[in-house]
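Structure assessment
Next come the chains, spelled out residue by residue.
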Amino acid sequence: MRRYHMACIYPSDSQEPELLYPYILDNIKSFLEGETDWIANAANAAATIGFLLHDLNWVGFYLKRDNVLKLGPFWGKPAVTTIQIGNGVCGTSAETGKTINVKDVHQFPGHIACDLFSNSELVIPLFKGGQLLGVLDIDSPEIGRFNEVDQKYLEEIALYLAETIQWPQ
Ligand code: SME
């Protein structure tokens, strides 16, 4: 692995999940170190995942505000700003509190298309102290982009972000 330091990021030498995902988490940790601003940290986390994982076109946060999900920091094209709980992949994940791994978004009833190039999507709910904060949404142009190994590692990263970032109340 290459060495990296604050404010610099380099592509991973390896695409092996056992090496790549720890490298992604290490990079996120280095960007979050010493910074308490949730917008700065969530923005860098989304950009780090988007830059280091191959075949993605959108990574970002939707945060629970009253009874809806609101767009938060993201990497990718502009996206819908408000999603009702229970709607789309993000709203369904927020409602059920479960990760949703959609192999083909065109087969998901009610999928909300933000980028026409998206073909698969992984949405992970974020909890802190038992409260739903929102979701981490990751989109890919590749059908079936996320396998169980990707899901496991991305859930670990999402858990770290949920617990570490000082999300607004
Ligand atoms: N596809 C999502 C909407 C958000 S965009 O993908 C950025 C959904 O169905 O909830």
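Attention here is on the structure that accompanies the text. All residue numbers refer to positions counted from 1 along the written sequence of the respective chain. Per-residue local features are limited, in this predicted model, to residues with pLDDT of at least 70; the limit for side-chain atom pairs, both in listing and counting, is 80 or more; totals at the level of whole chains, interfaces and linings are taken over all residues. Only hydrogens and water are removed before side-chain values are computed, so all heavy atoms of the structure are retained for them.

Our focus in this paragraph is the environment of Val123. If you trace the backbone, Val123 turns up in strand 5 (residues 120–128). Val123 gets classed as buried once you look at its relative accessible area, which sits at 0%. Through-space distance from the C-alpha of Val123 to that of Leu19 is 22 Å; in sequence the pair is 104 residues apart. Any two residues whose heavy atoms approach within 4.5 Å at even a single point are treated as in contact. Dropping the residues within four chain positions of it, Val123 is found in contact with Val89, Cys90, Ser93, Lys98, Thr99, Ile100, Val135, Leu136 and Asp137. Strands here mean DSSP runs of E at least two residues long; helices mean DSSP runs of H or I at least four residues long; both are numbered from the N terminus. Exposure is judged per residue with a 1.4 Å probe applied to protein chains only, and the accessible area is read against the type maximum: over 50% gives exposed, under 20% gives buried, and values in between give partly exposed.

Only protein atoms enter the 1 Å grid used here, on which a cavity is any set of points holding a 1.4 Å probe that cannot leave and a pocket is any open set flanked by protein within 12 Å on both sides along at least five of seven lines; residues with an atom within 4 Å of a point are listed as lining. Grid points are joined across faces, edges and corners, and a volume is the space filled by probe spheres set on the points. Each pocket or cavity is described by its volume, and for the largest pocket that value is around 240 Å³. Around the largest pocket, the lining residues are Leu63, Lys64, Arg65, Lys128, Gln131, Leu132, Leu133, Trp167, Pro168 and Gln169. Among the elements of the structure, strand 1 (58–65) and strand 6 (131–140) are those that each provide at least two residues to the lining of the largest pocket.

Here, a salt bridge means any side-chain nitrogen of Lys or Arg that lies within 4 Å of a carboxyl oxygen of Asp or Glu. This model, assessed by the stated rule, comprises three salt bridges. Where Lys77 meets Asp115, a salt bridge forms, and the shortest distance between an N and an O atom there is 3.4 Å. Remark: Asp115 occurs in the loop between strand 4 (100–102) and strand 5 and Lys77 occurs in the loop between strand 2 (68–76) and strand 3 (82–84); sequence separation between them is 38 residues. Under the relative-accessibility criterion, Lys77 is labelled partly exposed at 41%. Under the relative-accessibility criterion, Asp115 is labelled buried at 6%. Among the ionic pairs, Arg145 bridges to Asp150, the shortest N-O distance being 3.6 Å. Asp150 shares its class with Arg145; the two are buried.

Once that is clear, we can look at the environment of Leu132. Along the polypeptide, Leu132 turns up in strand 6. The contact partners of Leu132, leaving out residues within four places of it in the chain, are Lys64, Ala94, Pro125, Leu126 and Phe127.

Let us now look at the site of the ligand. Within the structure, the ligand sits among 13 residues, and Val89, Cys90, Ile112, Cys114 and Asp139 are positioned closest to it. Counted as a polar contact is a pair of N or O atoms within 3.5 Å, where, for protein atoms, one must be capable of donating a hydrogen and the other of accepting one, and residues adjacent in sequence contribute only when both atoms are in side chains. Here an oxygen atom of the ligand sits 3.0 Å away from a polar atom, N or O, in the main chain of Val89. Cys90 places a main-chain nitrogen or oxygen 2.8 Å from an oxygen atom of the ligand. Note on areas: these come from Shrake-Rupley sampling with a 1.4 Å probe, and a residue is covered only by the protein chains present in the view. Coverage of the ligand by the protein chains reaches 100% of its 310 Å² of free accessible surface. In this description, a molecule resides in a pocket or cavity if more than half of its atoms sit within 2 Å of the grid points defining it. Put simply, the ligand lies in the largest cavity. Of all the secondary-structure elements, those providing two or more residues to the shell around the ligand are strand 1, helix 3 (88–96) and strand 6. We call a residue near a given molecule or strand whenever any one of its heavy atoms falls within 4 Å of it.

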